[in-house]
Amino acid sequence: MIVTAAPARSPRHALSDEDLRSLLLIRHFERALLRLFEQGVLSGTTHTCLGQEYIPVAVSALLRDDDFVFSNHRGHGHFLARHPDPHGLLAEIMGREGALCGGVGGSQHIYHRRFLSTGVQGESLPVATGVALKLAGTGALACAYIGDGTWGEGAVYEALNMASLWKVPLLVVVEHNGIAQSTPTSAQMAGTIAARAAAFGVRHHHVSSTDAAEIRQVLAPLVEAVRAEPAPLVVEFATHRLGPHSKGDDTRPPEEIRRAAESDWYDRCAKADPERFARIDREQRELVERVVAEVSARPHARPGGAA
Amino acid sequence: MTRVSEHLNQALHDLMESDPSVHLLGEDVGDPYGGAFKVTKGLSSRFGSRVRSTPLSEGAIAGVGAGLALAGDKAVVEIMFADFVALAFDQITNFAAKSTSMYGRPVPVPLVVRCPTGGNRGYGPTHSQNPQKHFIGVPGLSLFEMTPFHDAGRLFSLMFGLGRPCLFFEDKVLYTRQMYPADDLFGFELVDDVARVYLDGAGRPDCTLVTHGGLVHRTLDAMRTLLLEDDLVCELLVPAQLYPVPHLPGLEDARHVCVVDDGTAGGTWAAEVATTLYPRLWGRLRRPITLVNSADGVIPAAPHLEREVLVQADGIRAAVKESLS
Ligand SMILES: Cc1ncc(C[n+]2csc(CCOP(=O)(O)OP(=O)(O)O)c2C)c(N)n1
Ligand SMILES: [Mg+2]
């Protein structure tokens, strides 16, 4: 089964300026990274979240300061929606002064306040369960973002089992974009995420909307229950990856890439409120341009000198 | 001129063509993607269900490979980045390797686990490691590494011929280099499956270096500088089999031996090589064998920091000069 996001339509819930700012900051940040790669300025690799920005924007507003967030390889949006610090993140990715982790971690390995990412799939969920075990009863939760493909890793199930047995406040946000690197979900997942969660007695909620405000309204009471009971929850977003897995490695047929593009929130939001959108879009594009110029001019990061 | 990745790809095509019992499993190995490093390109189109793109399940795919091998076939399993072979550690060491002998009779397990290793690509701490050392000394397990001097087809037949599981390491930067690098200074020959790289017409070298495939180019760079700038003649030995450490030819005459290993310091392959050489060369060595390793630290993402942690040509040169001074 290939899960697709709901077709683009006018938002029922108006996005706040803050939401739009966050969405567009992430969009322009990711685009800038792909440009920097093309120019040969960046090394290593990067995974952009183009098309999926609305997920962390929707989720982050439901999180408290004392919540812990676990992110993965596709984590720039998770970070920026939580900490709007594009300078620190870009400096980390470019290995420049002011880098979040001294340039040691790079794009996939960031630990900043209560935000942590790692590049090994599935590794974070047991750790998030441990953190949630500690947080239980405080009202705080651990939120872990994982992709559909990551449900191939055994650690995911070992963690879900314990999270359910021990009733820990664990929020698993699944970004189900129908693909893992080049492999469609239909070729790597038997059954469904919903049924897998059910097998452990873990609540599951499916989201097909791409409208951050609408999503948030639906999720708010569910996330509240994670904190209050406490109990784990799996929220599965049907979403689309607009760009390549990393860079220049998109082998999907053109129709599929076009279908992904059609579900993009960007054009829909632009149409819904053209003037406001254009203003904030320009503002965030220019902000990112300034960030790129400033950070590129900085000297190399020295370890131990992390911001 | 053939790139190492293309050479490996051809060797896998030949292997699967000539032996219908060979299966290949790994994440994203199918066409059109053909693997993260394109080493498996064309295989799924040609060999159908003998080639499978798998879920993200390193532990299980190593186990599935062992199962195919146990059932009488042969399996090549690709781990996308060698770092993730940690997830398959149990299947490889506690099942595949041990089962060759723990049932009181020999049980063949023809399984090759391919692991793209190494840094200098800015991929960061979990995508750049050389995990060879973690698998040294596991009963029933052999370690091999791709080099630009060894025919990969011959290595596959050696590994499957052992009837026991093998890890096959392939350096990610080596993928982009040419096979059989032509060099104006140094020639090479294979002596009992160990590549020997030597200065034509030179007598006894001042130092014999031993290294693994991923470090060949950096070591050759160091040898060139040592010759041209420091007037020191080096010879290089590159075994494709890393463990058990094979016989390294010609060392009886060596003035000095230096083992160069890209793994991080501590419990290293270099130390294992030295351990096998000491009894053999004892009484002839003038000084301890020099061991060169990457620093004892994680491999940073930022290139300027990564460079300082990993073994580089200048570090090899400095180590050789210092030990001979
Ligand atoms: C243990 C492990 N295996 C393989 C990889 C390589 N890898 C990185 S992302 C990825 C696909 C992940 O797919 P999914 O979970 O669906 O996330 P998406 O990329 O679609 O956001 C793979 C195979 C990895 N990082 N870690
Ligand atoms: Mg996915």
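None of these values were measured; they are calculated from a predicted model. (Residues numbered from 1 in each chain as written. Chains lettered and ligands numbered in written order. Predicted model: local features only at pLDDT ≥ 70, side-chain atom pairs only at ≥ 80, totals over all residues. Heavy atoms only, no water.)

## What to know about the overall build of chain A
Then, in step 1: Looking only at helices and strands, chain A has twelve helices and nine strands in total.
Then, in step 2: The C-alpha radius of gyration computed for chain A amounts to 19 Å, which stays within 12% of the reference 19 Å derived for 307 residues, consistent with globular compactness.
Then, in step 3: The principal-axis extent of the C-alpha atoms belonging to chain A is close to 50 × 45 × 35 Å.
Then, in step 4: Out of the 307 residues belonging to chain A, those deemed buried represent 61%.
Then, in step 5: Long-range contacts, defined here as pairs at least 24 residues apart, represent 76% of the contacts in chain A between residues at least 6 apart.
Then, in step 6: Of the roughly 11900 Å² that chain A leaves accessible, carbon and sulfur atoms contribute 54%. (Helix = DSSP H or I, 4+ residues; strand = E, 2+ residues; numbered from the N terminus. Rg over C-alpha atoms; globule rule 2.2 N^0.38 Å. Buried < 20%, exposed > 50% of the residue type's maximum accessible area, 1.4 Å probe, protein only. Contact = heavy atoms within 4.5 Å. Areas by Shrake-Rupley, 256 points an atom, 1.4 Å probe, with all protein chains shown as cover.)

## Observations concerning the coordination of the magnesium ion (ligand 2)
Six octahedral donors around a metal ideally subtend angles of 90 or 180 degrees, whereas four tetrahedral donors ideally subtend 109.5 degrees.
Residues and elements named next belong to chain A.
Then, in step 1: Within the protein, D148 (OD), N177 (OD1) and I179 (O) serve as the donor atoms for the magnesium ion (ligand 2), at 2.1 to 2.2 Å.
Then, in step 2: Spacing between the donor residues of the magnesium ion (ligand 2) along the chain follows D-x28-N-x1-I. Of this pair, D148 sits in the loop between β4 (142-147) and α6 (154-165) while I179 sits in strand β6 (residues 179-180), and the two are 31 residues apart along the sequence.
Then, in step 3: For I179, a relative accessible area of 7% gives the class buried. (Donors = N, O, S within 2.8 Å, 3.2 Å for Na, K, Ca; no water.)

## Points about the pattern of salt bridges
Residue and element names in this part refer to chain B.
Then, in step 1: A complete count under the given rule lists 30 salt bridges over all chains for this structure.
Then, in step 2: Measuring nitrogen to oxygen at the nearest pair gives 3.5 Å for the salt bridge that ties K321 to D230. Here the residue K321 occupies a position in helix α9 (residues 313-324), and D230 occupies one in helix α6 (residues 216-230), the gap between them amounting to 91 residues.
Then, in step 3: Judged by relative accessible area, which is 18%, D230 ranks as buried. (Salt bridge = Lys/Arg side-chain N within 4 Å of Asp/Glu carboxyl O.)

## Things to note about the packing of aromatic side chains
Then, in step 1: Within this structure, the stated rule accounts for 16 aromatic pairs over all chains.
Then, in step 2: Taken together, the ring pairs connect F37, F81, F84, Y123 and Y175 of chain B into an aromatic cluster.
Then, in step 3: Directly above the ring of Y266 of chain A sits R31 of chain A, whose terminal nitrogen or CZ lies 5.2 Å from the centroid.
Then, in step 4: Directly above the aromatic system of Y33 of chain B lies the positively charged group of K38 of chain B, at a separation of 3.7 Å from the ring centroid. (Phe/Tyr/Trp six-rings, centres within 6.5 Å; stacked < 30°, edge-to-face > 60°. Lys NZ or Arg CZ within 6 Å of the ring centre and 35° of its normal.)

## Overview of the domain arrangement of chain B
Residues and elements named next belong to chain B.
Then, in step 1: Along its sequence, chain B is carved into domain 1 (4-176) and domain 2 (186-324).
Then, in step 2: Between domain 1 and domain 2, the C-alpha centre-to-centre distance is 26 Å.
Then, in step 3: Each side of the interface is counted separately: domain 1 has 30 residues, and domain 2 has 35 residues.
Then, in step 4: Taken over both partners, the interface formed by domain 1 and domain 2 buries close to 2500 Å², and the fraction arising from carbon and sulfur atoms is 61%.
Then, in step 5: The largest contributions to the domain 1 side of the interface with domain 2 come from N120, K133 and F149, which together make up 28% of the buried area.
Then, in step 6: Where domain 1 meets domain 2, there are one salt bridge.
Then, in step 7: Among the salt bridges present, the one from D193 reaches R154, with a minimum N-O distance of 2.7 Å.
Then, in step 8: Our enumeration of links across domain 1 and domain 2 arrives at 14 residue pairs in polar contact (both at pLDDT 80 or more).
Then, in step 9: Among the secondary structure elements, those contributing two or more residues to the side of domain 1 that touches domain 2 are β5 (142-145), α5 (152-162) and β6 (166-171).
Then, in step 10: Within the side of domain 1 that touches domain 2, the residues separate by chemical class into twelve nonpolar, twelve polar and six charged. (Domains from an automatic or database assignment. Buried area = accessible area lost by both parts, 1.4 Å probe. Polar contact = N/O pair within 3.5 Å; in protein donor to acceptor, adjacent residues only side chain to side chain. Nonpolar A, V, L, I, M, F, W, Y, C, P; charged D, E, K, R; others polar.)

## Section: helix α4 (residues 89-99) of chain B
Then, in step 1: The set of residues buried in α4 of chain B consists of I92, T93, A96, A97 and S99 of chain B.
Then, in step 2: Taken together, the buried residues of α4 of chain B touch α3 (58-70), β4 (111-117) and β6 of chain B.

## Brief notes about the interface of chain B and chain A
Then, in step 1: With 28 residues of chain B at the contact, the number on the chain A side is 30 residues.
Then, in step 2: Roughly 2200 Å² is buried in total at the junction of chain B and chain A, and carbon and sulfur atoms are behind 58% of that figure.
Then, in step 3: Looking at the side of chain B facing chain A, the largest losses of area belong to Y33, L56 and H304 of chain B, adding up to 29% of the total buried there.
Then, in step 4: The interface formed by chain B and chain A contains one salt bridge.
Then, in step 5: Notably, a salt bridge pairs R302 of chain A with E308 of chain B, separated by 3.3 Å at the nearest N-O pair.
Then, in step 6: Summed over the shared surface of chain B and chain A, the number is 13 residue pairs in polar contact (both at pLDDT 80 or more).
Then, in step 7: The leading source of residues in the side of chain B that touches chain A is helix α8 (residues 303-309) of chain B, at four residues.
Then, in step 8: Residue composition of the side of chain B that touches chain A, by class: 17 nonpolar, seven polar and four charged.

## Topic: the confidence of the model for chain B
Low-confidence regions, as indicated by low pLDDT, have predicted coordinates that should not be scrutinised in detail.
Then, in step 1: When pLDDT is averaged across chain B, the result is 97; 100% of the residues are at 70 or more.
Then, in step 2: Reported confidence for the predicted complex is 0.96 by ipTM and 0.96 by pTM. (pLDDT = per-residue confidence, 0-100.)

## Some details on the sheet that holds strand β1 (residues 22-26) of chain B
Residue and element names in this part refer to chain B.
Then, in step 1: Here we have seven strands laid out as an open sheet, ordered β2-β1-β3-β4-β6-β5-β11, and mixed in their pairing. Both edges of this open sheet fall to β2 (51-53) and β11 (241-243), since each of them pairs with a single strand only. With strand direction ignored, the average angle separating the axes of adjacent strands in the sheet is 20 degrees.
Then, in step 2: Judged from the four bridges that link them, β5 and β6 form a sheet pairing that is parallel. Directly across from S142, in β6, lies its bridge partner C166. (Pairing = 2+ DSSP bridges. Axes fitted to C-alpha atoms, helices over the stretch in contact; angles between N-to-C directions.)

## A few points about the site of ligand 1
Then, in step 1: Close contacts around ligand 1 come from 22 residues, with H73, R74, G149 and T150 of chain A together with E58 of chain B the closest.
Then, in step 2: Around ligand 1, the neighbouring residues derive from chains A and B rather than from a single chain.
Then, in step 3: Take D148 of chain A: an N or O atom from its side chain is 3.0 Å from an oxygen atom of ligand 1.
Then, in step 4: At 2.8 Å, a backbone N or O of G149 of chain A approaches an oxygen atom of ligand 1.
Then, in step 5: For ligand 1, the accessible surface in isolation is 580 Å², of which the surrounding protein chains cover 99%.
Then, in step 6: For the shell around ligand 1, the residue count by class is seven nonpolar, ten polar and five charged. (Near = heavy atom within 4 Å.)

## A short note on the sheet that holds strand β12 (residues 257-264) of chain B
All names here are of chain B.
Then, in step 1: The strand order across the open sheet built from six strands is β7-β8-β10-β9-β12-β13, with neighbouring strands paired in mixed fashion. Here the strands that pair on one side only, and so sit at the sheet edges, are β7 (186-191) and β13 (290-294). Looking at each pair of strands side by side, their axes are set apart by 20 degrees on average, direction ignored.
Then, in step 2: Taken strand by strand, helix α7 (residues 269-281) contacts β9 (207-211), β10 (234-239), β12 and β13, and its axis lies near 160 degrees from that of β12.
Then, in step 3: Along the sheet, α9 makes contact with β9, β10, β12 and β13, crossing β9 at roughly 140 degrees.

## Considering the pairing of β7 of chain B
Residues and elements named next belong to chain B.
Then, in step 1: The pairing of β7 with strand β8 (residues 194-199) spans six bridges and is classified as antiparallel. Bridged to L190 within β8 is A195.
Then, in step 2: With antiparallel pairing between neighbouring strands as the criterion, β7 and β8 make up a hairpin whose turn holds two residues, including D192 at a positive phi of roughly 50 degrees.

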